[in-house]
Amino acid sequence: MEEITSRDNPRIRRVCRLMDSKRTREKEGLFCCEGEKLLGEALAAGVEVVQVFLSRDLPLEQQRDRGVPTFLVPPSLMAQMSGVESPQGVLFVCRIPAPRKDLPEGACLVLEDVRDPGNVGTILRTAEAFSLPVVLTGNCAELYNPKVVRSTMGSVFRCKVFRLSRPELWQALEERNIPLYAAALSESAQDIRQVDLKGAAVAIGNEAHGVSAELLEHSRGQVIIPIQGAESLNAGVAAALCMWEMRR
(Lines give C-alpha, C1' and ligand atoms only; values in the text may rest on other atoms or scores of the structure.)
Protein backbone atom coordinates (compact mmCIF):
# COMPACT_ATOMS: atom_id res chain seq x y z
CA MET A 1 0.00 0.00 0.00
CA GLU A 2 1.51 3.29 -1.12
CA GLU A 3 1.69 6.06 1.47
CA ILE A 4 0.97 9.68 0.57
CA THR A 5 1.91 12.48 2.95
CA SER A 6 1.78 15.64 0.81
CA ARG A 7 -1.32 17.66 0.02
CA ASP A 8 0.38 18.60 -3.26
CA ASN A 9 0.29 15.02 -4.45
CA PRO A 10 -1.74 14.92 -7.73
CA ARG A 11 -4.05 12.21 -6.40
CA ILE A 12 -4.87 14.24 -3.30
CA ARG A 13 -5.39 17.41 -5.29
CA ARG A 14 -7.78 15.60 -7.62
CA VAL A 15 -9.83 14.29 -4.69
CA CYS A 16 -10.09 17.81 -3.25
CA ARG A 17 -11.30 19.13 -6.61
CA LEU A 18 -13.85 16.33 -6.92
CA MET A 19 -15.16 17.08 -3.44
CA ASP A 20 -15.50 20.80 -4.14
CA SER A 21 -16.48 21.11 -7.79
CA LYS A 22 -19.51 19.88 -9.73
CA ARG A 23 -17.75 20.88 -12.91
CA THR A 24 -14.78 18.65 -12.08
CA ARG A 25 -17.06 15.74 -11.25
CA GLU A 26 -18.88 16.09 -14.56
CA LYS A 27 -15.67 16.57 -16.54
CA GLU A 28 -13.87 13.56 -15.05
CA GLY A 29 -16.94 11.38 -14.56
CA LEU A 30 -15.96 10.68 -10.95
CA PHE A 31 -17.35 11.35 -7.49
CA CYS A 32 -16.22 10.82 -3.89
CA CYS A 33 -17.74 8.89 -1.00
CA GLU A 34 -16.68 8.32 2.60
CA GLY A 35 -16.94 5.48 5.08
CA GLU A 36 -16.13 1.79 5.28
CA LYS A 37 -19.79 0.76 5.19
CA LEU A 38 -20.46 2.88 2.12
CA LEU A 39 -17.43 1.36 0.39
CA GLY A 40 -18.81 -2.12 0.96
CA GLU A 41 -22.20 -1.06 -0.42
CA ALA A 42 -20.64 0.52 -3.50
CA LEU A 43 -18.69 -2.64 -4.30
CA ALA A 44 -21.71 -4.86 -3.63
CA ALA A 45 -23.80 -2.74 -6.00
CA GLY A 46 -21.23 -3.14 -8.77
CA VAL A 47 -20.18 0.52 -8.81
CA GLU A 48 -16.69 0.99 -10.22
CA VAL A 49 -14.40 2.10 -7.38
CA VAL A 50 -11.20 3.52 -8.84
CA GLN A 51 -9.24 4.57 -5.72
CA VAL A 52 -9.40 4.16 -1.96
CA PHE A 53 -7.68 6.37 0.64
CA LEU A 54 -7.24 5.25 4.25
CA SER A 55 -6.04 7.22 7.26
CA ARG A 56 -5.39 4.03 9.19
CA ASP A 57 -4.50 0.49 8.23
CA LEU A 58 -7.89 -1.21 7.96
CA PRO A 59 -8.42 -4.81 6.79
CA LEU A 60 -10.55 -3.80 3.81
CA GLU A 61 -10.11 -7.03 1.89
CA GLN A 62 -13.14 -6.32 -0.29
CA GLN A 63 -11.38 -3.67 -2.37
CA ARG A 64 -8.03 -5.44 -2.34
CA ASP A 65 -9.66 -8.55 -3.78
CA ARG A 66 -10.89 -6.38 -6.66
CA GLY A 67 -7.52 -4.82 -7.29
CA VAL A 68 -8.60 -1.30 -6.34
CA PRO A 69 -5.54 0.98 -5.85
CA THR A 70 -5.37 1.86 -2.16
CA PHE A 71 -3.34 4.63 -0.51
CA LEU A 72 -2.50 5.36 3.11
CA VAL A 73 -2.66 9.00 4.22
CA PRO A 74 -2.10 10.62 7.64
CA PRO A 75 -5.23 11.67 9.57
CA SER A 76 -4.39 15.34 9.09
CA LEU A 77 -4.42 14.91 5.31
CA MET A 78 -7.64 12.90 5.42
CA ALA A 79 -9.22 15.78 7.35
CA GLN A 80 -8.29 18.15 4.52
CA MET A 81 -9.72 15.80 1.90
CA SER A 82 -12.91 14.94 3.77
CA GLY A 83 -16.21 16.76 3.58
CA VAL A 84 -17.15 16.11 7.22
CA GLU A 85 -15.88 17.37 10.57
CA SER A 86 -15.06 13.87 11.87
CA PRO A 87 -13.71 11.77 8.98
CA GLN A 88 -14.26 8.01 9.18
CA GLY A 89 -10.80 7.24 7.86
CA VAL A 90 -12.02 5.84 4.53
CA LEU A 91 -12.53 7.95 1.40
CA PHE A 92 -12.97 6.49 -2.07
CA VAL A 93 -13.48 7.62 -5.64
CA CYS A 94 -16.17 6.08 -7.87
CA ARG A 95 -16.95 6.22 -11.56
CA ILE A 96 -20.24 7.99 -12.31
CA PRO A 97 -22.55 5.42 -13.95
CA ALA A 98 -23.99 6.10 -17.38
CA PRO A 99 -27.15 8.21 -17.03
CA ARG A 100 -30.51 6.45 -17.20
CA LYS A 101 -32.98 7.79 -19.74
CA ASP A 102 -35.44 4.94 -20.35
CA LEU A 103 -38.04 5.56 -17.67
CA PRO A 104 -39.81 2.30 -16.69
CA GLU A 105 -43.56 1.77 -16.71
CA GLY A 106 -45.50 2.48 -13.54
CA ALA A 107 -45.29 4.83 -10.59
CA CYS A 108 -42.39 7.21 -10.05
CA LEU A 109 -41.52 10.25 -7.98
CA VAL A 110 -40.60 13.48 -9.76
CA LEU A 111 -38.40 16.12 -8.12
CA GLU A 112 -38.55 19.50 -9.80
CA ASP A 113 -36.04 22.16 -8.73
CA VAL A 114 -35.47 20.56 -5.31
CA ARG A 115 -32.28 22.36 -4.39
CA ASP A 116 -31.32 21.21 -0.89
CA PRO A 117 -28.80 18.31 -1.07
CA GLY A 118 -30.04 16.89 2.22
CA ASN A 119 -33.61 16.78 0.92
CA VAL A 120 -32.62 15.09 -2.34
CA GLY A 121 -30.49 12.52 -0.51
CA THR A 122 -33.17 11.72 2.05
CA ILE A 123 -35.80 11.39 -0.67
CA LEU A 124 -33.64 8.95 -2.63
CA ARG A 125 -33.16 6.84 0.49
CA THR A 126 -36.93 6.77 1.07
CA ALA A 127 -37.59 6.02 -2.61
CA GLU A 128 -35.37 2.97 -2.40
CA ALA A 129 -37.34 1.79 0.64
CA PHE A 130 -40.57 2.05 -1.39
CA SER A 131 -38.99 0.61 -4.58
CA LEU A 132 -39.84 3.74 -6.55
CA PRO A 133 -37.73 5.28 -9.32
CA VAL A 134 -36.98 8.99 -9.06
CA VAL A 135 -36.86 11.55 -11.85
CA LEU A 136 -34.82 14.71 -11.37
CA THR A 137 -35.92 17.58 -13.57
CA GLY A 138 -35.20 21.28 -13.64
CA ASN A 139 -32.51 22.67 -11.37
CA CYS A 140 -32.28 19.96 -8.69
CA ALA A 141 -29.29 19.44 -6.43
CA GLU A 142 -26.60 17.44 -8.19
CA LEU A 143 -26.94 13.70 -7.61
CA TYR A 144 -23.22 13.25 -6.89
CA ASN A 145 -22.77 16.24 -4.62
CA PRO A 146 -21.00 14.84 -1.51
CA LYS A 147 -23.85 16.04 0.72
CA VAL A 148 -26.42 14.25 -1.43
CA VAL A 149 -24.32 11.08 -1.45
CA ARG A 150 -23.96 11.12 2.36
CA SER A 151 -27.68 11.73 2.88
CA THR A 152 -28.64 8.72 0.75
CA MET A 153 -26.66 6.43 3.09
CA GLY A 154 -25.88 4.09 0.19
CA SER A 155 -29.14 4.37 -1.75
CA VAL A 156 -27.35 6.44 -4.41
CA PHE A 157 -25.78 3.15 -5.55
CA ARG A 158 -29.09 1.29 -5.85
CA CYS A 159 -32.02 3.65 -6.36
CA LYS A 160 -33.10 4.08 -9.99
CA VAL A 161 -32.59 7.77 -10.73
CA PHE A 162 -33.33 9.46 -14.04
CA ARG A 163 -32.25 12.95 -15.11
CA LEU A 164 -34.72 14.26 -17.67
CA SER A 165 -35.45 17.69 -19.05
CA ARG A 166 -39.05 18.79 -18.70
CA PRO A 167 -39.85 18.08 -22.40
CA GLU A 168 -38.25 14.63 -22.05
CA LEU A 169 -40.34 13.99 -18.95
CA TRP A 170 -43.62 15.00 -20.61
CA GLN A 171 -42.85 12.74 -23.56
CA ALA A 172 -41.82 9.78 -21.39
CA LEU A 173 -44.97 10.00 -19.25
CA GLU A 174 -47.22 10.33 -22.30
CA GLU A 175 -45.61 7.36 -24.07
CA ARG A 176 -46.09 5.18 -20.97
CA ASN A 177 -49.56 6.52 -20.20
CA ILE A 178 -48.45 7.56 -16.69
CA PRO A 179 -50.65 10.29 -15.18
CA LEU A 180 -48.79 13.15 -13.48
CA TYR A 181 -49.99 14.71 -10.24
CA ALA A 182 -48.42 17.73 -8.59
CA ALA A 183 -48.15 18.10 -4.83
CA ALA A 184 -49.31 21.68 -4.42
CA LEU A 185 -50.70 24.09 -1.85
CA SER A 186 -53.72 25.29 -3.79
CA GLU A 187 -57.47 25.47 -3.37
CA SER A 188 -57.99 23.13 -6.32
CA ALA A 189 -55.73 20.39 -4.88
CA GLN A 190 -57.46 17.18 -3.77
CA ASP A 191 -56.80 15.40 -0.50
CA ILE A 192 -54.03 12.94 -1.39
CA ARG A 193 -55.89 10.17 0.43
CA GLN A 194 -58.77 10.47 -2.03
CA VAL A 195 -56.71 10.12 -5.22
CA ASP A 196 -55.61 6.80 -6.71
CA LEU A 197 -51.86 7.25 -7.17
CA LYS A 198 -51.01 3.65 -8.04
CA GLY A 199 -49.13 3.78 -11.33
CA ALA A 200 -48.94 7.58 -11.24
CA ALA A 201 -46.09 10.06 -11.20
CA VAL A 202 -46.17 12.51 -8.30
CA ALA A 203 -44.12 15.71 -8.43
CA ILE A 204 -42.51 17.49 -5.49
CA GLY A 205 -41.47 21.06 -6.26
CA ASN A 206 -38.95 23.59 -5.10
CA GLU A 207 -38.69 24.13 -1.34
CA ALA A 208 -39.61 27.82 -1.58
CA HIS A 209 -41.75 28.10 -4.72
CA GLY A 210 -43.32 24.68 -5.22
CA VAL A 211 -43.91 23.15 -8.65
CA SER A 212 -43.64 25.29 -11.76
CA ALA A 213 -46.53 26.59 -13.83
CA GLU A 214 -45.27 24.47 -16.72
CA LEU A 215 -45.48 21.29 -14.64
CA LEU A 216 -48.97 22.21 -13.46
CA GLU A 217 -50.04 22.58 -17.08
CA HIS A 218 -48.88 19.02 -17.79
CA SER A 219 -50.48 17.55 -14.67
CA ARG A 220 -53.72 15.59 -14.56
CA GLY A 221 -54.40 17.10 -11.16
CA GLN A 222 -53.02 18.45 -7.90
CA VAL A 223 -52.85 16.71 -4.53
CA ILE A 224 -52.37 18.08 -1.05
CA ILE A 225 -51.38 16.49 2.24
CA PRO A 226 -53.88 17.68 4.88
CA ILE A 227 -52.07 19.26 7.84
CA GLN A 228 -52.93 21.57 10.70
CA GLY A 229 -50.98 24.42 12.25
CA ALA A 230 -47.84 24.39 10.11
CA GLU A 231 -48.06 26.18 6.78
CA SER A 232 -46.22 23.48 4.86
CA LEU A 233 -44.03 20.38 5.17
CA ASN A 234 -40.35 19.88 4.47
CA ALA A 235 -39.84 18.53 0.93
CA GLY A 236 -38.34 15.30 2.23
CA VAL A 237 -41.27 14.69 4.58
CA ALA A 238 -43.83 15.57 1.90
CA ALA A 239 -42.15 13.20 -0.54
CA ALA A 240 -42.17 10.36 2.00
CA LEU A 241 -45.91 10.80 2.64
CA CYS A 242 -46.61 10.90 -1.10
CA MET A 243 -44.63 7.72 -1.66
CA TRP A 244 -46.51 6.00 1.17
CA GLU A 245 -49.78 6.87 -0.56
CA MET A 246 -48.42 5.71 -3.93
CA ARG A 247 -47.65 2.28 -2.45
CA ARG A 248 -50.65 2.01 -0.10
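None of the values given here were measured: they were computed from a predicted structure.

Engineer: Quick one: what's the story with the sheet that holds strand β10 (residues 190-191), residue by residue and with numbers?
Structural biologist: On the basis of which strands lie adjacent, the open sheet formed by seven strands has the order β8-β7-β6-β11-β9-β12-β10 and parallel pairing. Of all strands in the sheet, those bounded by a partner on one side alone are β8 (161-163) and β10. Both strand β9 (residues 180-183) and strand β12 (residues 221-224) contribute to a ladder of three bridges, which runs parallel. Bridge pairing in β12 places A183 opposite V223.

Engineer: Could you give me a rundown of a positive patch on the surface, with the residues and numbers involved?
Structural biologist: On the surface, a cluster of positive charge is made up of R7, R13, R17, R23 and K27. Only α1 (10-20) and α2 (22-28) provide two or more residues apiece to the positive patch. With respect to the helices, strands and loops of the structure, R7 is situated in the loop between β1 (2-3) and α1. Among the residues examined, R7 registers a relative accessible area of 43% and is labelled partly exposed.

Engineer: Can you break down the pattern of salt bridges residue by residue, with the values?
Structural biologist: In total, this model carries 15 salt bridges according to the counting rule given. Note that E41 is salt-bridged to K37, the shortest N-O span being 2.3 Å. One end of the pair, E41, and the other, K37, are both in helix α3 (residues 36-44), four residues apart, so they sit about a helical turn from each other. Among the ionic pairs, E245 bridges to R248, the shortest N-O distance being 2.9 Å. Taking relative accessible area as the criterion, E245 reaches 13% and is therefore assigned buried. Residues joined in a network through salt bridges with shared partners are K37, E41, E128 and R158.

Parameters at a glance
Residues numbered from 1 in each chain as written. Predicted model: local features only at pLDDT ≥ 70, side-chain atom pairs only at ≥ 80, totals over all residues. Heavy atoms only, no water. Pairing = 2+ DSSP bridges. Helix = DSSP H or I, 4+ residues; strand = E, 2+ residues; numbered from the N terminus. Patch = residues over 30% accessible without salt bridge, like charges linked within 9 Å, V, L, I, M, F, W, Y side chains within 5 Å. Areas by Shrake-Rupley, 256 points an atom, 1.4 Å probe, with all protein chains shown as cover. Salt bridge = Lys/Arg side-chain N within 4 Å of Asp/Glu carboxyl O. Lys, Arg positive; Asp, Glu negative; His and termini not counted. Charge placed at Lys NZ, Arg CZ, Asp CG, Glu CD. Buried < 20%, exposed > 50% of the residue type's maximum accessible area, 1.4 Å probe, protein only.

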